[in-house]
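Each chain is listed here by its residues.
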Amino acid sequence: MNMKRGKKAAGIGERLSEIAGRLPEEQQQTLLEFAEFLLARAPEAEAAPLPEPKAIPRPEEESVIKAMRRLSETYFMLDRGPLLNDTSALMAQHVMQGKPAADVIDELEVVFAAHYERVRSSS
């Protein structure tokens, strides 16, 4: 690493540490996860292992929107772009065609898990 880049990274690290210290614990975790996500996407970064999904249990009663939020948090490391086509099609089936929420949520869980496995196997 060159000296100029090392000093800049140290300054950024100090600022991030200061910010993290002022955040509540849950937001500190979110900041860390976002930093790991960015590192995983950086072209020059060493191949870091894909983080494991968060274990967030599915509530008995859950709307499709809340399920999307839960799954997005569970699979925080995934790029949402590639998921958009599949997830929006399932949302449309629920809203426009009246497909039951539980069925749509089951399928959303499969879509997120399959996408995670594709990304994991390609890394």
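For the structure itself, consult the block above.
Residues numbered from 1 in each chain as written. Predicted model: local features only at pLDDT ≥ 70, side-chain atom pairs only at ≥ 80, totals over all residues. Heavy atoms only, no water.

**Comments concerning the environment of arginine 58**
No. 1: Here arginine 58 lies in the loop between helix 2 (25–41) and helix 3 (64–74).
No. 2: Taking the C-alpha atoms as reference points, arginine 58 and arginine 70, 12 residues apart in sequence, are found 8.0 Å from one another.
No. 3: Apart from the residues within four sequence positions on either side, arginine 58 is in contact with Arg70, Ala102, Ile105, Asp106 and Glu109.
No. 4: Within the structure, arginine 58 has its side chain in polar contact with the backbone oxygen of alanine 102 (distance 3.4 Å).
No. 5: A polar contact is formed between the side chain of arginine 58 and the side chain of glutamate 109, at a distance of 3.4 Å. (Helix = DSSP H or I, 4+ residues; strand = E, 2+ residues; numbered from the N terminus. Contact = heavy atoms within 4.5 Å. Polar contact = N/O pair within 3.5 Å; in protein donor to acceptor, adjacent residues only side chain to side chain.)

**Observations concerning helix 5 (residues 101–122)**
No. 1: Here helix 5 spans 32 Å end to end across 22 residues, near enough to the 32 Å set by a 1.5 Å rise per residue.
No. 2: Looking at the buried positions of helix 5, the neighbouring elements they touch are helix 3 and helix 4 (80–97). (Expected span 1.5 Å × (residues − 1).)

**Some points on the nonpolar core**
No. 1: Membership of the largest hydrophobic core comes to 18 residues, with the highest contact counts inside it found for Val64, Tyr75, Met77, Leu78, Leu108, Phe112 and Tyr116.
No. 2: Within the residue set of this core, elements represented by two or more residues are helix 3, helix 4 and helix 5.
No. 3: For this core, the element with the highest residue contribution is helix 5, accounting for 6 residues.
No. 4: When residues no more than four places from it in sequence are discounted, the contact partners of leucine 78 are Phe37, Leu83, Phe112, His115, Tyr116 and Val119. (Core = buried A, V, L, I, M, F, W, Y, C linked by side-chain atoms within 4.5 Å. Buried < 20%, exposed > 50% of the residue type's maximum accessible area, 1.4 Å probe, protein only.)

**Some thoughts on the packing of helix 3 against helix 4**
The angle between the axes and the distance between the axes are what describe a pair of packed helices.
No. 1: Direction vectors running N to C along helix 3 and helix 4 enclose 160 degrees, while the axes themselves pass 12 Å from each other. Between helix 3 and helix 4, the interaxial angle falls into the category roughly antiparallel. As helix 3 packs across helix 4, the resulting crossing turns out to be right-handed. For the pair formed by helix 3 and helix 4, the contact residues are Val64, Ile65, Met68 and Ser72 on the first element and Arg80, Thr87, Met91 and His94 on the second.
No. 2: A breakdown of the residues in the contact of helix 3 with helix 4 according to their chemical character gives 4 nonpolar, 3 polar and 1 charged. (Axes fitted to C-alpha atoms, helices over the stretch in contact; angles between N-to-C directions. Parallel < 35°, antiparallel > 145°, perpendicular 65-115°, else oblique. Left-handed = near helix turned anticlockwise from the far one by under 90°. Nonpolar A, V, L, I, M, F, W, Y, C, P; charged D, E, K, R; others polar.)

**Structural notes on the environment of phenylalanine 112**
No. 1: For phenylalanine 112, the position within the fold is in helix 5.
No. 2: Since its relative accessible area comes to 1%, phenylalanine 112 is described here as buried.
No. 3: The spatial distance from the C-alpha of phenylalanine 112 to the C-alpha of methionine 68 is 9.7 Å, given a sequence separation of 44 residues.
No. 4: Beyond its immediate sequence surroundings of up to four residues, phenylalanine 112 is in contact with Met68, Leu71, Ser72, Tyr75, Leu78, Leu83 and Thr87.

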